[in-house]
Amino acid sequence: QVQLVESGGGLVQAGGSLRLSCAASGRAFSGYAVSWFRQAPGKEREFAATVSWSSGTTYHADAVKGRFTISRDSAKNTVYLQMTSLKPEDTAVYYCAARYGFISYDYLTRRDSYPYWGRGTQVTVSS
């Protein structure tokens, strides 16, 4: 059974940085896509970034491109989301998700493409 556990959230001032971690366990993740989504109060959960476990190929949503960077450490079975130049509108619960198959960008950005989810970590950016 795949398990995903997020950590690293917290309160930060606008312009600051945070690094989120997603610890993955339960199986070998070769061939998997691991992604970060976020959900702000009153809004739908939205895609932020994804990484191919096998190749390290990444995609980032336009809203975070240039500020957030997703990466993975296969030896530690962990995916990271480095967030810089944070804005109040980045305030959300951040979720890690995983699926087998790193396919089209459109498919990878859809919530219903992922069978495995963590419980989330809160990120609050103050102005």
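Residues numbered from 1 in each chain as written. Predicted model: local features only at pLDDT ≥ 70, side-chain atom pairs only at ≥ 80, totals over all residues. Heavy atoms only, no water.

Q: Would you mind going over the state of the cysteines in detail, with residue names and values included?
A: Counted under the stated rule, the structure contains 1 disulfide. Shown here is the disulfide that connects Cys22 with Cys96, its sulfur atoms set 2.0 Å apart. Across the S-S bond linking Cys22 and Cys96, the dihedral sits near -75°, which makes this disulfide left-handed. Remark: Cys96 occurs in strand β9 (residues 92–100) and Cys22 occurs in strand β3 (residues 18–25); sequence separation between them is 74 residues. The pair formed by Cys22 and Cys96 is uniform in burial state, with each residue classed as buried. (Disulfide = S-S within 2.5 Å. Helix = DSSP H or I, 4+ residues; strand = E, 2+ residues; numbered from the N terminus. Buried < 20%, exposed > 50% of the residue type's maximum accessible area, 1.4 Å probe, protein only.)

Q: I'd like to hear about the side chain of His60, residue by residue, with values.
A: Looking at the secondary structure, you find His60 in strand β6 (residues 58–60). Relative accessible area serves as the criterion here: at 15%, His60 is assigned to the buried category. Here the side chain of His60 touches Phe68 through a polar contact of 3.5 Å, landing on its backbone oxygen. The contacts of His60, once residues within four sequence positions are left out, are Phe47, Ala48, Ala49, Lys65, Phe68, Thr69, Ile70 and Tyr105. (Polar contact = N/O pair within 3.5 Å; in protein donor to acceptor, adjacent residues only side chain to side chain. Contact = heavy atoms within 4.5 Å.)

Q: Give a description of the environment of Ser30 that names residues and reports values.
A: Assignment of secondary structure puts Ser30 in the loop between β3 and β4 (32–39). The contacts of Ser30, once residues within four sequence positions are left out, are Trp53, Ser54 and Tyr100. Within polar-contact distance, the side chain of Ser30 engages the side chain of Ser54 at 3.4 Å.

Q: I'd like a rundown of the nonpolar core, residues and numbers included.
A: If you look at the biggest cluster of nonpolar residues, it comprises 36 residues, and the most contacted ones within it are Trp36, Val79, Leu81, Met83 and Tyr94. Every element with two or more residues in this core is listed here: β3, β4, β5 (46–52), β7 (68–73), β8 (78–83), β9 and β11 (121–126). (Core = buried A, V, L, I, M, F, W, Y, C linked by side-chain atoms within 4.5 Å.)

Q: Tell me what's going on with the pairing of β8, and back it up with residues and numbers.
A: The buried fraction of β8 is high, at 5 of 6 residues. Bridging between β3 and β8 involves 6 bridges; their strand directions are antiparallel. Its bridge partner being in β8, Cys22 is matched across the sheet by Val79. Strand direction decides the pairing type here: β7 and β8, joined by 6 bridges, are antiparallel. In the sheet register, Ser71 faces β8, and the bridge partner there is Tyr80. What sits between β7 and β8 in their antiparallel hairpin is a turn of 4 residues, with Asn77 showing a positive phi close to 55°. (Pairing = 2+ DSSP bridges.)

Q: Hey, could you go over the side chain of Thr50 for me, with residue numbers and the actual values?
A: Looking at the element boundaries, Thr50 is found in strand β5. A distance of 2.6 Å separates a polar atom in the side chain of Thr50 from a polar atom in the side chain of Ser35. Not counting residues within four places of it along the chain, the set of residues in contact with Thr50 comprises Ala33, Val34, Ser35, Thr57, Thr58, Tyr59, Ile70, Phe102, Leu108 and Tyr114.

Q: Tell me about the pairing of β3, and name the residues and values.
A: Relative to β3, strand β1 (residues 3–7) runs antiparallel, the two being bridged by 5 bridges. Bridge pairing in β3 places Glu6 opposite Cys22.

Geometric values such as these leave the question of function open.
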